[in-house]
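An overview of the molecular structure
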Amino acid sequence: MRISDLAAEAGVTVKAVRYYEAQGLLKPRREPNGYRAYDTDDVVVVREVKALLSLGLTAEQTYPFIECLRAGNERADVCPASLTAYRTRIADVDRRIAELTDLRARLTDLLTDAESWRMKQL
């Protein structure tokens, strides 16, 4: 299939497919006329990359999942490296939650202080 067909079937833009290729996530074969040629395995890869990016993983962090698929696994997330990538992303999310929780507490303290000061002025 051509790049536009792959993009449509996977639910991404042609630009996204080219980006995934530039990142080494897709390796299409070339037809004699130089056009990229994709197959149904590439649709699976693109859908997986799209899903992983929506979870906040970077393109680079999707490599273990794609390699897991290319190794013949039905799921991209059953290989040890994929599981490690999940754990790493969860740790990143936990750190961000802690940062946001701290930020919220500081803002709440500032708001309480400001409201208290304002009430004393009235």
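The rules behind the values
- Residues numbered from 1 in each chain as written.
- Predicted model: local features only at pLDDT ≥ 70, side-chain atom pairs only at ≥ 80, totals over all residues.
- Heavy atoms only, no water.
- Helix = DSSP H or I, 4+ residues; strand = E, 2+ residues; numbered from the N terminus.
- Rg over C-alpha atoms; globule rule 2.2 N^0.38 Å.
- Contact = heavy atoms within 4.5 Å.
- Patch = residues over 30% accessible without salt bridge, like charges linked within 9 Å, V, L, I, M, F, W, Y side chains within 5 Å.
- Areas by Shrake-Rupley, 256 points an atom, 1.4 Å probe, with all protein chains shown as cover.
- Salt bridge = Lys/Arg side-chain N within 4 Å of Asp/Glu carboxyl O.
- Axes fitted to C-alpha atoms, helices over the stretch in contact; angles between N-to-C directions.
- Parallel < 35°, antiparallel > 145°, perpendicular 65-115°, else oblique.
- Nonpolar A, V, L, I, M, F, W, Y, C, P; charged D, E, K, R; others polar.

- The name given to the protein in an unreviewed UniProt entry is DNA-binding transcriptional MerR regulator, and the organism recorded there is Kribbella rubisoli.

1. Remarks on the overall build of the protein
- Counting its secondary structure elements, the protein contains five helices and two strands.
- Its helices and strands taken in sequence order, the protein reads α-α-β-β-α-α-α from the N to the C terminus.
- Its C-alpha atoms give the protein a radius of gyration of 22 Å, more than 25% over the compact-globule value 14 Å for 122 residues.
- Taken along the three principal axes of its C-alpha coordinates, the protein extends 80 × 30 × 20 Å.
- Contacts in the protein between residues at least 24 apart in sequence constitute 45% of all its contacts with a sequence separation of at least 6.

2. Brief notes about a nonpolar patch on the surface
- Taken together, Leu100, Leu103, Leu107 and Leu110 make up a surface patch of nonpolar side chains, about 370 Å² in accessible area.
- Its location among the elements puts Leu107 in helix H5 (residues 80–121).

3. Description of the packing of helix H1 (residues 3–10) against helix H2 (residues 14–22)
- As a packed pair, H1 and H2 sit with axes 8 Å apart at the nearest point and diverge in direction by 105°. Here H2 runs roughly perpendicular to H1, going by the angle between their axes. Residue-level contacts link Ile3, Ser4, Leu6 and Ala7 of H1 to Val14, Val17 and Arg18 of H2.
- Class assignment of the residues belonging to the contact of H1 with H2 gives a composition of five nonpolar, one polar and one charged.

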